[in-house]
Structures are given as structure tokens and as C-alpha cells.
Amino acid sequence: MRVGLGAGLQSGAAGATGPGWVVPDLGQPIRTIGRRTFDFDHRIAVMAIVNRTPDSFHDEGRTFALDRAVQAAVTAAEQGADWVDIGGVKFAPGPELSAADEIERVLPVVEQVAEQSDVTISVDTFRPEVAAAAITAGASVVNDTTGLADPRMAAVVADSDATIVITHSLAAPRQEYPKPQYADVAGEVAAFLRLRVDRALEAGIPEDRIIIDPGHDLNKTTVHTLELTRRLPEVVALGYPVLAAVSNKDFVGESLGRPRGERLPGSLAAATMSAMLGARIVRMHDVLASVDAMRMVETVLGWRAPLEARHNT
């Protein structure tokens with residue numbers, strides 16, 4: 001089921017009252033992704049970030065070594081992450097890395113994590129050949145930050161059982177995109193995502209294997225990203241689960257005047273706001289804090305019971 005822009009939203013939720021949140025009208029809210037099943041009507045999944053890169057903007061290469069990357073992913077699962085997102089090339093502009101080198105970075109991590117945990121595994125890549133290799137190795141999600149810019153990616157996903165995350169961005173992979181301009185940022189992002197979803201459907205990817213991501217900070221200024229976050233329901237209205245990748249982004253740092261390493265409270269606030277406005281997956285670095293924040297949102301909304309209820313009883 002697909003809904004039009006601005007439609008398909010309702011306030012409130014089962015077991016909760018009040019107008020302060022958005023419940024997306026998802027055609028297929030219950031999805032099996034990898035070895036886990038998600039009910040996106042009542043669950044906000046936490047996607048942990050594992051960068052096997054020497055120059056990632058947040059962890060600055062702390063998980064570049066293979067053993068550290070695998071351990072970070074397994075630990076994230078133990079801390080409550082619903083899935084882990086493994087990347088071998090960062091989004092930001094930089095030196096070219098060959099597909100073979102990217103595969104060499106991500107494949108061993110995917111293979112070893114799949115052996116050690118039932119956590120859902122995604123691979124953060126824009127290359128169809130990397131996606132194909134990762135799916136064979138055990139990944140069940142392809143997180144494409146270029147939003148199917150390479151049409152071969154749709155074919156790779158369609159020929160598998162994997163889910164695709166279609167993200168809004170404008171630059172060619174790893175290229176500069178100075179001073180992005182939008183007349184209507186939320187409307188333009190939603191229109192882009194609608195077109196790329198159509199590309200996925202035409203390639204044979206079924207609706208229940210599509211997730212969308214508005215691309216916080218990707219080829220956007222802080223002002224653009226803040227407006228996009230406020231207007232997230234316009235993206236949610238497309239009818240697919242929305243992923244919000246807000247963790248430690250520059251829009252958080254610039255909003256609060258916080259350097260990298262001091263953005264956790266702002267990131268949690270942005271993730272919580274996104275969840276309340278209809279996002280169903282949040283991509284985060286700090287797993288324990290993020291899991292607690294999302295489980296608390298679910299509990300306040302009445303989607304889950306408190307683990308204890310002894311106070312004043």
C-alpha cells in the first residue's frame with residue numbers, strides 16, 4: 001500500500017493519548033529482515049554503526065581493524081541493537097577506494113558477525129558488486145546512501161531476499177556538492193524518494209523490502225536538515241518505514257555548538273524527535289543510550305510494558 005504525500009497519518013497510538021506524535025500508515029508494518037522480525041507499528045529499531053574505515057568522521061578509525069569491527073558489531077547486538085550497519089567507505093568526499101578493496105573491508109566483518117549473532121546485518125554501500133558480495137556473505141539489508149543512483153543496485157537487490165534502504169542525496173558518490181539549494185526541502189526530498197521507490201518497484205523489489213531515509217545532513221545545510229526533521233511526517237506519508245540517521249551529525253553540533261565527541265544528548269533528542277514524528281529506525285553510534293531512549297519512547301506510548309512496575313504499589 002502506498003499513500004500520497006500529506007496523507008496516511010494519524011495522531012495517537014494504541015494505549016496512548018495526545019496529539020504529539022505521528023503513527024505512520026504502513027502497508028506492511030510487520031517485516032522479517034534477516035533473522036529478526038520487526039513490527040514497525042510498535043517498534044523503533046536501533047541500527048548500530050560499525051565503520052571499517054580509517055577515516056570515519058565520528059570514531060576516526062577505532063573499528064578499522066577487523067577484530068575490533070567484529071567485536072563492535074557483536075557488542076552492539078548484546079547491548080540491544082536490532083541491527084548493525086557495516087561500512088567500508090564513508091559518504092563524505094575523499095580518495096577513491098576500489099570495489100575490491102571495499103569488499104575486502106566489509107566481507108570478513110559480515111561473515112563473522114553472521115556466524116556469531118542473529119542481529120540483522122546491513123552493508124552501507126553504493127556499489128552493486130559490494131552489495132552482491134555482502135548479501136552472499138550474510139547481509140540482509142543494503143543501505144545505499146545514493147538512493148539507487150546506480151540502477152544496477154536495484155537489480156542486485158531484486159535478485160535477492162535483501163531489503164533496500166533508499167536514501168536522499170544529490171552528489172555523485174564521494175564527490176563535493178557545495179552550497180546545496182532547495183526551494184522546498186521536505187517536498188523535494190519526498191519527491192526524490194518517491195521516484196527512487198518507483199525505480200525499485202520497477203526493478204522487481206517488493207514493497208515489503210523497501211525502507212526510505214531522508215538523508216539528514218547529506219548534501220544539506222544545518223538549516224535544511226532542521227526543517228526536514230520538523231517536516232518528517234511528509235516523508236513518513238510515503239508509506240514506507242523511515243530511517244533517521246541523525247547520530248553525531250553536524251546539524252546537531254552546529255545547533256548546540258558542540259564538537260564531535262560531545263553530541264550524544266543532542267543526538268538522542270534528534271532521534272527521539274524523529275521517532276515521535278514517525279521514523280521507525282534510528283541509526284546511532286552510542287548503542288546503550290540509544291536503545292534505552294527508544295525503548296522509553298515505546299513505553300511512554302504504551303507499545304510495551306515497563307520491565308518493573310513497583311513504584312508506589
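All values reported here derive from a predicted model rather than from experimental measurement. Every chain's residues receive numbers from 1 upward, in the order its sequence appears when written. In view of the model being predicted, local features appear only for residues whose pLDDT reaches at least 70, and side-chain atom pairs are presented and counted only at 80 or more, with totals across whole chains, interfaces and linings using the full set of residues. Hydrogen atoms and water are omitted, and side-chain values are computed over all heavy atoms in the structure.

A.B. asks: Honestly, the overall build of the protein chain in this entry has me stumped. Any pointers?
C.D. replies: Counting its regular elements, the protein chain contains 10 helices and 12 strands. Here the radius of gyration uses the C-alpha set of atoms, whereas the globule reference equals 2.2 Å times the residue count to the power 0.38. Computed over C-alpha atoms, the radius of gyration of the protein chain comes to 18 Å, within 12% of the 20 Å expected from 2.2 N^0.38 for 313 residues, which places it in the range of a compact globule. For the C-alpha atoms alone, the extent of the protein chain along its principal axes is close to 60 × 45 × 40 Å. The criterion used for residue contact is that any of the two residues' heavy atoms lie within 4.5 Å. For the protein chain, the proportion of contacts with a sequence separation of at least 24, taken over those separated by at least 6, is 69%. Each accessible area value is a Shrake-Rupley result obtained with a 1.4 Å probe; residue values ignore everything except the protein chains displayed when judging cover. When the accessible surface of the protein chain is totalled, it reaches about 13200 Å², and 52% of it is carbon and sulfur. For the purposes of this entry, the term helix denotes a DSSP run of H or I that reaches at least four residues, the term strand denotes a run of E that reaches at least two, and both are numbered from the N terminus.

A.B. asks: For this particular structure, what's the right way to read unusual backbone geometry?
C.D. replies: In this structure, lysine 179 is a non-glycine residue whose phi angle is positive, near 50°. Within the secondary structure, lysine 179 is located in the loop between strand 9 (163-167) and helix 5 (185-203). Lysine 179 sits in the exposed class, given a relative accessible area of 72%. A positive phi angle, close to 75°, is found at aspartate 217, a residue other than glycine. In this structure, aspartate 217 sits in the loop between strand 10 (210-213) and helix 6 (222-230). Remark: exposure states derive from per-residue accessible area (1.4 Å probe, protein chains only) relative to the maximum for the residue type, with buried under 20%, exposed over 50%, and partly exposed in between.

A.B. asks: Hey, could you run me through the packing of aromatic side chains in this one?
C.D. replies: In this description, an aromatic ring pair is defined by two values, namely the gap between the centres and the angle between the planes. Pairing of aromatic side chains here covers Phe, Tyr and the six-membered ring of Trp, requires ring centres within 6.5 Å, and sorts the geometry by plane angle: under 30 degrees stacked, over 60 edge-to-face, intermediate tilted. All told, the structure shown has two aromatic pairs when counted by the stated rule. Pairing phenylalanine 38 with phenylalanine 40 gives two aromatic rings, centres 5.6 Å apart and planes at 5°, and the pair type is stacked. Comparing phenylalanine 38 with phenylalanine 40 shows no difference in burial state: the two are buried. Judged by centre distance (5.5 Å) and plane angle (80°), the rings of phenylalanine 38 and tryptophan 83 are edge-to-face. Placement of the pair is phenylalanine 38 in strand 4 (residues 36-39) and tryptophan 83 in strand 6 (residues 83-87), with a sequence separation of 45 residues.

A.B. asks: When you look at the packing of helix 1 (residues 66-78) against helix 2 (residues 99-116) in this model, what are you seeing that I'm missing?
C.D. replies: When two helices pack together, you describe them by how their axes are tilted relative to each other and by the distance separating the axes. For helices, the fitted line uses only the C-alpha atoms of the stretch in contact; every axis is such a line through C-alpha atoms, and the angle between N-to-C directions lies from 0 to 180 degrees. Running from amino to carboxyl end, helix 1 crosses helix 2 at an angle of 40°, the nearest separation of the two axes being 9 Å. For the element pair helix 1 / helix 2, the angle class is oblique. Pair helix 1 / helix 2 crosses with right-handed handedness. Only Pro108, Val109, Gln112, Val113 and Gln116 of helix 2 make contact with helix 1, whose side of the interface consists of Leu66, Ala69, Val70, Ala73 and Val74. Small angles under 35 degrees read as roughly parallel and large ones over 145 as roughly antiparallel, with 65 to 115 read as roughly perpendicular and the rest as oblique. The handedness criterion is simple: a crossing whose near helix is rotated anticlockwise from the far helix by less than a right angle is left-handed, and one whose near helix is rotated clockwise is right-handed.

A.B. asks: Would you explain the pattern of salt bridges in this entry?
C.D. replies: Pairing is possible between side chains of opposite charge, provided their charged atoms come close. In what follows, salt bridge is the name for a side-chain nitrogen of Lys or Arg lying within 4 Å of a carboxyl oxygen of Asp or Glu. Applying the stated criterion to the full structure yields 15 salt bridges. With a shortest N-O distance of 2.7 Å, glutamate 96 and arginine 127 are connected by a salt bridge. Residue glutamate 96 is found in the loop between strand 6 and helix 2, and its partner arginine 127 is found in the loop between strand 7 (120-124) and helix 3 (128-137); the two are separated by 31 residues along the sequence. Looking at glutamate 96, the relative accessible area reads 63%, which means it is exposed. Here glutamate 298 makes a salt bridge to arginine 295, at a shortest N to O gap of 2.8 Å. With glutamate 298 and arginine 295 both in helix 10 (residues 287-300) and three residues apart, the pair spans about one turn of that helix. Among the residues examined, arginine 295 registers a relative accessible area of 10% and is labelled buried. By sharing partners, the salt bridges in this structure join Asp184, Glu227, Arg231 and Glu234 into a single network.

A.B. asks: I keep staring at helix 6 and nothing clicks. Help me out?
C.D. replies: An α-helical turn contains 3.6 residues, so any two residues separated by three or four positions project in the same direction. If you check which residues of helix 6 are buried, you get Thr222, His224, Thr225, Leu228 and Thr229. Projected down its long axis, helix 6 carries its buried residues within an arc of 160°, all on one side. In helix 6, the exposed positions that point more than 90 degrees away from the buried face belong to Val223 and Arg230. Residues of helix 6 that are buried in the fold lie against helix 5, helix 7 (232-236), helix 8 (250-256) and helix 9 (264-276). Arc definition: it is the arc formed by the directions from the helix axis to the C-beta atoms.

A.B. asks: Help me out: how do you make sense of the sheet that holds strand 12 (residues 281-284) in this one?
C.D. replies: As a general point, the strands of a sheet are linked pairwise by backbone hydrogen bonds and lie either parallel or antiparallel. Any two strands between which DSSP finds at least two bridges are classified as paired. Judged by pairing direction, the sheet is parallel, and its eight strands sit side by side in the order 10-9-8-7-6-5-12-11 without closing on themselves. The open sheet has two edge strands with one neighbour each: strand 10 and strand 11 (243-244). Strands in contact with helix 1 are strand 5 (45-51) and strand 6; relative to strand 5, the strand with the most contacts, it is inclined by about 170°.

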